[in-house]
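Coordinates in review
Take a look at the letters that make up each chain.
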Amino acid sequence: FSPPRMKRRGGAPNYFQREVSYRRQLAETYNKTRDDFQTLDEYNDYLEELETIIYNLTYEIETHTQLAKIEKYKRENKQNIYAKSSQVAAAQSSSNAVSTTGGGSFAVSRLPNPKNLKEAQRFLQVVSQGYRSPALDSRQVTKEEV
């Protein structure tokens, strides 16, 4: 876990970018869903704790305490975090890299995982050769359009 690296051009810090960066980093660790809790109150407490950590890190309030909380949570929930991230990865790998939409256009549903070499190679092949969809009236989609 690391603080966001942003270029500062003078003036006030960009709190929005900081918050987004912290949310992305913490999403891998704090990855529980409503189904993981017995009651709604427990889930809300979990979300409130997460939001408090993000807020305090963003505005640099008790930073060392927040980082210690994160490390403690990681140690205590190591297996749950790994299991949940494996489930998410499996669900993502079953989705297509390129999908067509009803309006005759296409959308990229997700980018390839750079750790999965075959998936990355397939994605680059689709992008470099263009994606052909019947909904596009046999028009070739080039990598400039992607």
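All residue numbers refer to position in the chain's written sequence, counted from 1. A pLDDT threshold of at least 70 governs which residues receive local features in this predicted model, and a stricter bar of 80 or more applies before side-chain atom pairs are shown or counted, although totals over entire chains, interfaces and linings include all residues. Think of the side-chain values as coming from all heavy atoms in the structure, minus any hydrogens and water.

1. What to know about the overall build of the protein chain
Each helix corresponds to a stretch of at least 4 residues labelled H or I by DSSP, and each strand to a stretch of at least 2 residues labelled E; elements are numbered beginning at the N terminus. Counting its secondary structure elements, the protein chain contains five helices and four strands. Reading the protein chain from its N terminus to its C terminus gives the helix and strand order α-α-α-α-β-β-α-β-β. Only protein chains enter the accessibility calculation, which uses a 1.4 Å probe. A residue is then buried if its area is under 20% of the maximum for its type, exposed if over 50%, and partly exposed in between. Within the protein chain, the fraction of its 146 residues that count as buried is 24%. Each accessible area is a Shrake-Rupley estimate made with a 1.4 Å probe; only the visible protein chains count as cover when residues are assessed. When the accessible area of the protein chain is evaluated, it comes to approximately 11,000 Å², of which 50% is carbon and sulfur surface.

2. Examining helix 2 (residues 40-58)
The span you would expect from a helix comes to 1.5 Å times its residue count less one. Compared with an ideal rise of 1.5 Å per residue, which puts 19 residues at 27 Å, helix 2 spans 27 Å between its outermost C-alpha atoms and is within 8% of the ideal. Of the positions making up helix 2, those classed as buried are Tyr 43, Tyr 46, Leu 50, Ile 53, Ile 54, Asn 56, Leu 57 and Thr 58. Buried positions along helix 2 lie against helix 1 (15-27) and helix 3 (63-76). Positive phi appears at Glu 60, one or two residues downstream of helix 2, with a value of about 55°. Should any heavy atoms of two residues lie within 4.5 Å, those residues are counted as being in contact.

3. What to know about a negative patch on the surface
Taken together, the side chains of Asp 41, Glu 42, Asp 45, Glu 48 and Glu 49 define an acidic patch exposed on the protein surface. Take Asp 41: it is sitting in helix 2. By relative accessible area, which is 56% here, Asp 41 ends up exposed. Residues enter patches when their relative accessible area tops 30% and they take part in no salt bridge; the joining distance is 9 Å for like charges and 5 Å for the nonpolar side chains Val, Leu, Ile, Met, Phe, Trp and Tyr. In what follows, salt bridge is the name for a side-chain nitrogen of Lys or Arg lying within 4 Å of a carboxyl oxygen of Asp or Glu. Residues scored as charged are limited to Lys and Arg (positive) and Asp and Glu (negative), so that His and the chain ends carry no count. By convention, the charge on Lys lies at NZ, on Arg at CZ, on Asp at CG and on Glu at CD.

4. Examining the nonpolar core
Judged by nonpolar contacts, the single largest core of 13 residues is most densely connected at Leu 26, Tyr 30, Tyr 46, Ile 53 and Ile 70. Elements with a minimum of two residues in this core: helix 1, helix 2 and helix 3. A per-element tally of this core places helix 2 first, with six residues. Among all residues touching Tyr 46, those that are not within four sequence positions of it are Tyr 30, Asn 31, Lys 32, Phe 37 and Tyr 73. Working definition of a nonpolar core: buried Ala, Val, Leu, Ile, Met, Phe, Trp, Tyr and Cys residues. They are joined through side-chain atoms within 4.5 Å.

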